[in-house]
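Residue-level listing of the chains:
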Amino acid sequence: MFNRKNILGTKCLVEEEITTILDTADSFKEISTRPIKKVPTLRGKTIINLFFEPSTRTRTSFEIAGKRLSADVINISGSSSSTVKDENLIDTALNLEAMHPDIIVVRHGLSGVPEMISQHVKCPIINAGDGYHEHPTQALLDLHTIREAKGTLKGLNITIVGDIAHSRVVRSNIYAMKTMGMNVKLIGPSTMIPLGIEKMGVSVGYDLEGAINDADVIMMLRLQKERQSRYLLSSIREYSNLYCLTSKFLEKAKEDVLIFHPGPVNRGIEISLDVMESERSLILTQVTNGVAVRMALMYLLLGGKNDTSN
Amino acid sequence: MTLVIKNGRVIDPANSLDEPKDLLIHKGRIKAIESPGSISFEAGEKPSVIDAKGCVVCPGLIDMHVHFREPGFEYKETITSGCQSAAAGGFTSVAVMPNTNPVNDTRAVTEYILSLARAEGIINVYPIAAITQKLEGERLSEMADLKDAGAIAFSDDGRPVMNNELMRRAFEYSKMFKLPLIQHSEMLDLTEGGCMNEGMVSTELGLKGMPAEAEDIMVYRDIALLEKTGGQLHVAHISSKNSVELVRQAKSRGLSVTCEVAPHHFTLTDEAVRGYDTNTKMSPPLRTIDDVKAIKEGLQDGTIDIIATDHAPHDIADKQVEYQNACFGIVGLETALPLSLKLVDEKILSIGDVIKKLTFTPADIFNLEAGSLSLDNEADLLIFNPNLEYSIDISKFHSKSKNSPFDGWKVKGKVIRTLVKGKTVYSANEN
C-alpha cells in the first residue's frame, strides 16, 4: 500500500510503490474518456499549484487532474506569488498552509525547494520539478506510458539522449527505471554529462548512432537553451547534427521502438518533425497519461479510500 | 589582583609543557607555574582560587579567520557579539577579515575596528586589512599605513585576487612590510554559480558544482608567484587533496607558505548537503572523503599548520532560502574546540598538537604576542574539560547568528572558563 506523505522524488520509491501508482493510474485513465469527465473522489479537498517557474503542460496537467477528481485547485504562479516582493520562501509556504490546503504542488527553478518546503509544512507536497534535481511525476508518467505500450518494464532498454546535466527528468527516470529493472543508457555531448552519473547504475556514451539498435525506448531531452553556459556547446547546429533524432538514425532501431520526449520540443533540434509525427512517437500519449498519473498520486496521498466507480 | 589556577593539567606547546601544575597570575600576567600545591603566599595575601581539577589549562585559543561583520552588517554579528562568541568558544585572540562595509582597506577602518574591540575589552582583536582597495582586485591597498594602524596581515578573503600581475605585485609590495598575504584560493571562473563541491552528490542533487581544481589552480599560481617574488603566503581554509599536496611540496622547497583548515572541512563531507540544509553551504565547499583523509594527513605531518574557523555569521533570512541563493558560510567559534578534539579520539593528533595548532603556531606565523604561557606573558587562558560530553545547542550560541550544521551533535570537550589578562571573560557556570 501507499503510506508516503510527500512525492519529492523517485529516488526513495520502491518497486511496490511505483507499481501501486501505475496500477492506480490505469484505473483513473478511463475517467478522462467519459462524456462527463469528473468523479467526486476528492470533493471538498483543496490543491494548491505553487509554480515559481513558468510551466504550461505540467501545471495544466495537475490542474485538470485535481479538477477531474472534484478537488478545488488554485494556481499560484511565480510572478503573482509574493516571493517577488521578497517574502521568504518558507513564509510563503506557511501562509498557504494556514489556509488548510490538502496538497501543495511545487515547481521551482532551483533544486531542493520542494524538499525545503516539506520540512516546514505539514501538508503533503508533490514535487512538480525542481531545478535539475527531480521531476518525479514526469518519470512516473513515462513509466506508465512504457508499461502500457510494452506490457512490462523489467529488462527493457532505454536510451536517453541530450543535455543530461541540466535535466531533472533524467534523474527521476534513472531512479525509477532502475528500480523497475530497466537498463538505462545516457547519450549526450561530454560537456553535458555530469560528473559521477555512471555511479547511478547507468551506462554513458557520446555516440547516438551506436546507442540505438538495442533500444526499446528512445527518450530525447529538451535542450535547455536558456540554462546553457556559453561554454557547453559549439553551436546549436553542431548539437543538432550529432544528436537530433532523424529517420536516418531510426533505420537502425528496433521495429517497435518507442520515441519519447518530455516536452516542450525544440523541433528540428532534438527530434525531426517526421520522427515526431511517426507512429513510434508517443509524445502526446505521455501528456495524456500525465493526467492519470497525477490523479493517482493525489488520490494515494490523500488516503486512497474513496470509490472511483461513480 | 592575584589569582591561582590549581590542579589543572597545564598544556603549553610553546614550552613543551604537559603536566599537572598550578598557575599564579598577578596583575593580569603569569607569574609562576609550579607543581601542584607548591605556590606559597605571604601572610595576609588572599588570592582568588580557581580549581581546574579534571581540566586542561592552556593558552587561550587563537582564530586567524573570523568575520565579525562590523562595520556594515551588524545584524549578522558585531565586534561585541563576535568577541562574546569567541570567549565562549575558548578563544582569546581572533583576526577579523576585511570584507566589512566599508571594507577594511584604510587606516580609518582598521583603527575603528580596534577602537571598538578595545572599548569592549573582551578578547584581543587583530585586524586583517584588504590586499586591494575595496576588495575590487584593481589597486593595492596602502599597506604601510594599514600596518602602522595595526593590521597584521592582508587578505581579500571571499574575493580572491584573480589578476596574476596584481597578485605578483602584492607579494612584492607586502614583502617590504613583512606581513603575510592570506588567500581565499578559488578560480572564480570555474565556480561561477556553483554552490557545493562538484561530484557525485552535486550531480544527484542537481546543484551546480564547484570543482576542487578551482582551489588547486590558485594555490599553485600563488606558490609559483611566491617562489619568484619572495614574501609570505598563508592559504586560507584549505579543503582539497591536491591543494594539501601543493603546499606540502612548496614547504619542502623551503618556501614561506603556511595554511589553515576549518573544522568543518575535516568533520563533514559533501554527503552532508543531502537534504539541502543551507548550513552545509560554505566556500570552499564541503568536499569528499578522499579530501578529508588528505586533510587529516596534512594535519598530522604538519603540512597544515593551523586550525581556523572561518566564522561566518549569517542571519536566518540569508540562510532560509533556496540552496542556490543562500549565503556561503557557517559560524564556527563555539564548535571549533570540540570538533578539533575529535581528532584526538581519532588518533590523528595528540591533544597537545591540537592546542598547538590553535595557539602557538598561529601566533608564530602571524607574529602575535600570544599563544604561550611563558612567565610574564599576559594571562590569556583557556580552561576546558576534555572529557565532558554535551550536545551542541545553537540556541545557546553567543554569536548573533546560529548558522551551524552541528546543532544537536554530541561532542566531547567543553570550555569551562576563558580568561583574558587574568580576567574571566567567559565562565560555563554563569551561562
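Counting starts from 1 at the beginning of each chain's written sequence and moves along it residue by residue. Chains and ligands are labelled by the order in which they are written, letters from A for the one and numbers from 1 for the other. It should be noted that, the model being predicted, local features are given only for residues of pLDDT at least 70 and side-chain atom pairs only at 80 or more, the latter also being counted only at that level, while totals for whole chains, interfaces and linings use all residues.

> I would appreciate a short explanation of the overall build of chain A in the present structure.
Only DSSP runs of H or I reaching four residues or more are called helices, and only runs of E reaching two or more are called strands; each is numbered from the N terminus. Looking only at helices and strands, chain A features 10 helices and nine strands. Each radius of gyration is computed over the set of C-alpha atoms, and the globule rule expresses the reference value as 2.2 Å times the number of residues to the power 0.38. Against the 2.2 N^0.38 benchmark of 19 Å for 310 residues, chain A shows a C-alpha radius of gyration of 19 Å, consistent with a compact globule. Across its three principal axes, chain A shows a C-alpha extent of roughly 55 × 45 × 35 Å. Comment: burial labels come from other C-beta atoms within 10 Å of the residue's own C-beta, placed from the backbone, where a count of 20 or more is buried, 12 or fewer is exposed, and between is partly exposed. The burial tally for chain A puts 46% of its 310 residues in the buried class. Contacts here follow a simple rule: the backbone-placed C-beta atoms of the two residues must lie within 7 Å. Taking as baseline every contact in chain A between residues at least 6 positions apart, the subset at least 24 positions apart corresponds to 75%.

> I keep staring at unusual backbone geometry and nothing clicks. Help me out?
As a rule of thumb, non-glycine residues mostly have phi less than zero, and peptide bonds are mostly trans rather than cis. Cis geometry marks the peptide bond from A:Gly263 to A:Pro264; its omega dihedral reads -10°. The omega torsion of the bond from B:Asn101 to B:Pro102 falls at 5°, within 30 degrees of zero and hence cis. Looking at the element boundaries, B:Pro102 is found in the loop between β7 (91-96) and α2 (107-120). One non-glycine residue, A:Ser70, lies in positive phi territory at about 70°. Following the sequence through the fold, A:Ser70 ends up in the loop between α2 (57-68) and β2 (72-77).

> Just to check I follow, could you spell out helix α5 (residues 136-150) of chain A for this structure?
Given 3.6 residues per turn, any residue in an α-helix points the same way as the ones three and four places further on. Residues and elements named next belong to chain A. Every helix has an expected span of 1.5 Å times one less than the residues it contains. Taking 1.5 Å of rise per residue, 15 residues should cover 21 Å, and α5 covers 21 Å from first to last C-alpha, within 8% of that figure. Buried within α5 we find Pro 136, Thr 137, Gln 138, Ala 139, Leu 140, Leu 141, Asp 142, Leu 143, His 144, Thr 145, Ile 146 and Arg 147. If you follow the buried residues of α5, they end up packed against α1 (15-29), β4 (125-130), α6 (168-179), β8 (217-220), β9 (258-260) and α10 (283-301). Just past α5, the residue Gly 151 takes up positive phi, approximately 85°.

> I tried to follow the interface of chain A and chain B on my own but got confused; where do I start?
In many analyses, interface size is given as the accessible surface area lost on bringing the parts together. The partner chain B presents 17 residues to the 19 residues of chain A that form the contact. For the side of chain A that touches chain B, the secondary-structure elements that each account for two or more residues are α3 (89-97), α4 (113-118) and α6 of chain A. With three residues, the top contributor of residues to the side of chain A that touches chain B is α4(A).

> Help me understand the domain arrangement of chain B, please; the structure alone is not making it clear to me.
Residues and elements named next belong to chain B. Taken domain by domain, chain B comprises domain 1 (2-57 + 377-390 + 411-430) and domain 2 (60-365). Distance between the C-alpha centres of domain 1 and domain 2: 30 Å. Listed by partner, the interface residues are 17 residues for domain 1 and 20 residues for domain 2. A total of six residues in the side of domain 1 that touches domain 2 trace back to one element, the largest contributor, which is strand β17 (residues 410-420). For this classification, the nonpolar set comprises Ala, Val, Leu, Ile, Met, Phe, Trp, Tyr, Cys and Pro, the charged set comprises Asp, Glu, Lys and Arg, and every other residue, Gly included, is treated as polar. Of the residues belonging to the side of domain 1 that touches domain 2, the class tally is 12 nonpolar, two polar and three charged. Annotation comment: domain bounds sourced from an automatic or database domain assignment.

> What should I look at first to understand the environment of B:Val161 in this one?
All names here are of chain B. Tracing the chain through its elements places Val 161 in the loop between β9 (153-155) and α4 (164-177). Along the sequence, Val 161 and Leu 382 sit 221 residues apart, while their C-alpha atoms lie 36 Å from each other. Apart from the residues lying within four places of it in its own chain, the contact partners of Val 161 are Ile 131, Thr 132, Gly 137, Asp 156, Leu 166, Met 167, Ala 170 and Gln 183.

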